[in-house]
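Residue-level structural notes
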Amino acid sequence: MALSPGDPNSYSRPDQVKTTHVHLELEIDFEKKVLTGHALLTLEKLDSEASVVILDGRKLVIHGIKDEATGEALKYEYGSPSGFGEKLEVQLPSSSSTELKIRIAYTTSPESSALQWLSPAQTAGKQHPYLFSQCEAIHARSMLPCQDTPSVKATYSATIIAPPDLTVLMSAVRDGEAVVDNKKVAKFIQKVPIQSYLIAIAAGALESRKIGPRSHVWSEAEFVEKAAFDFSETETMLKTAEELCGPYVWGIYDILVLPPSFPFGGMENPCLTFATPTLLSGDKSNADVIAHEIAHSWTGNLVTNFNFEHFWLNEGFTVFTERKIVGRMHGEPARHFSAILRWKDLQETVNVNLGPTNPLTALVPKLAGVDPDDAFSVVPYEKGSTFLWYLEDTVGGAAVFEPFLKSYYKKFAYQSIDSYMFKSYF
């Protein structure tokens, strides 16, 4: 069954009360493998009759919840466990104001599905521990109590306390750091509203190299020079993407090369793409993954799927745009060759792995009772991209379709939409 009317994978009801800002005050505890501290949520009441806000959690320990304005302790219920975590229902303070702030004291679980804790032996440098997060699709709820649905976009800020020898990074702009009482205190701010799965954190023995006017690459010392070389075309890709999609609104575009245990090729965390070290080939041949993550700055991060049933709006558009970038940089044959190779992957996924009648081969599958991670495949990527290629050919080619796409990104920027809204605009 669906957990809520708007998102089958989230308990939250942002149609009643919506998060507009998240402020995190957290300390990283490598010994216990937890984050502990507070989440301060700024809420907007859309329904004047709403008396509760419903949040998602997963294996969080809730220590208490207060009204930030008065310090009043708020009643809450945390339970209804499912494969999608737990429902956190908080009684709102009685107030005529439409804006409220609640402070939630909590600790994550050592088994948090969002957080990967590495011992020094599991890192390249072998001297310091390492932490990184992966919140997509529905794992942010195991890192913080939140409305864990892509239909909600909020700005965020954070103050993170870590061991003094480590560097902390987030999917945000760095806003200063200092060592206080032998602890690193790092601050961050993300002024562009984002969905919960884009909140990201990493902490480790990190170094950086400047690779462009708005870009640095970060990694352990053992990878940093290789990464700076392989990703040296980042600014060219950014400029090409801007020609296709419009202005880049995120300020900086940094890349963090993670330890080999990072489970994806890349993750489009804003301001800080996460990337696997397996991309570092020494000849830039895998840099198209960076083109993919750059494209997400518009397709997915700026214009977002309302829920994961419409995931192709993120990934199909991103693959299509990634190949447009590659085509402009390396020629149309490179774009076509990439599409042909991945078409074979799509055929195998549909005909062999899933089966042609499997409902998950649909461009817009039904995900009630289905974890989005279990529905993950190349279908939204390649079927979605191929559909857009078909639309481009049908309406008269790139000269017609590319200006349309730029207008689409402008029309729906900072919003979460579904496939029917795209269809209507088309």
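To start, this report covers the structure provided alongside it.

Calculation notes
Residues numbered from 1 in each chain as written. Predicted model: local features only at pLDDT ≥ 70, side-chain atom pairs only at ≥ 80, totals over all residues. Heavy atoms only, no water. 1 Å grid on protein atoms, 1.4 Å probe; cavity = no way out; pocket = protein on both sides within 12 Å on 5 of 7 lines; lining within 4 Å. Points joined across faces, edges and corners; volume = space filled by probe spheres on them. Helix = DSSP H or I, 4+ residues; strand = E, 2+ residues; numbered from the N terminus. Nonpolar A, V, L, I, M, F, W, Y, C, P; charged D, E, K, R; others polar. Pairing = 2+ DSSP bridges. Axes fitted to C-alpha atoms, helices over the stretch in contact; angles between N-to-C directions. Salt bridge = Lys/Arg side-chain N within 4 Å of Asp/Glu carboxyl O. Expected span 1.5 Å × (residues − 1). Buried < 20%, exposed > 50% of the residue type's maximum accessible area, 1.4 Å probe, protein only. Arc of directions from axis to C-beta.

What to know about empty space enclosed by the protein
The full count for this structure, using the stated rule, is three cavities of 30 Å³ or more. Empty space within the largest cavity amounts to approximately 110 Å³. Taken together, 13 residues line the largest cavity, and the ones lying closest to its centre are Thr19, Val22, Ala154, Ile194 and Ser196. Within the residue set of the lining of the largest cavity, elements represented by two or more residues are strand E1 (17-29) and strand E10 (154-162). The element best represented in the lining of the largest cavity is E10, accounting for three residues. By residue class, the composition of the lining of the largest cavity is eight nonpolar, five polar and no charged. Roughly 50 Å³ of volume is contained in the second largest cavity. Every residue along the wall of the second largest cavity is listed here: Leu244, Cys245, Phe320, Thr321, Lys324, Glu402, Leu405 and Tyr409. Put simply, the parts of the chain that give the lining of the second largest cavity at least two residues each are helix H2 (234-245), helix H4 (312-330) and helix H7 (398-411). A class-by-class count of the residues in the lining of the second largest cavity yields five nonpolar, one polar and two charged.

Quick look at the layout of surface pockets
Taken as a whole, the largest pocket encloses approximately 990 Å³ of empty space. In this structure, the largest pocket is lined by 47 residues; those nearest its centre are His292, Val319, Glu322, Arg342 and Tyr381. Elements with a minimum of two residues in the lining of the largest pocket: strand E18 (266-267), helix H3 (288-295), H4, helix H5 (332-354) and helix H6 (379-395). No other element matches H4, which puts six residues into the lining of the largest pocket. For the lining of the largest pocket, the per-class residue count stands at 25 nonpolar, nine polar and 13 charged. Residue lining of the second largest pocket: 18 residues in total, with Pro14, Lys18, Ser151, Val152 and Phe306 positioned closest to the centre.

Re the sheet that holds strand E3 (residues 52-57)
Ordered by their spatial adjacency, three strands build an open sheet running E3-E6-E5, and the pairing between neighbours is antiparallel. For this open sheet the edge positions go to E3 and strand E5 (76-82), each flanked by a neighbour on one side alone. Mean inter-strand twist for the sheet, computed between neighbouring axes without regard to direction, equals 20 degrees. In this sheet, strand E6 (residues 85-91) lies alongside E5 in antiparallel orientation, the contact comprising five bridges. For Tyr76, the partnering residue across the bridge sits in E6 and is Val90.

Describing the pattern of salt bridges
Within the structure shown, the criterion is met by 21 salt bridges. Measuring nitrogen to oxygen at the nearest pair gives 2.8 Å for the salt bridge that ties Arg342 to Asp345. Placement of the pair is Arg342 and Asp345 together in helix H5, with a separation of three residues, close to one helical turn. Taken together, the shared-partner salt bridges connect Glu243, Lys324, Arg328, Glu332, Arg335, Glu392 and Glu402 into one network.

A short note on H7
Here H7 is 14 residues long and its end C-alpha atoms lie 19 Å apart, about the 20 Å a rise of 1.5 Å per residue gives. Restricting attention to buried positions, one finds in H7 the residues Phe401, Glu402, Phe404, Leu405, Tyr408 and Tyr409. Seen along its axis, H7 keeps its buried residues to an arc of 160 degrees; they face one direction. For H7, the exposed residues lying more than 90 degrees away from the buried face are Ala399 and Lys410.

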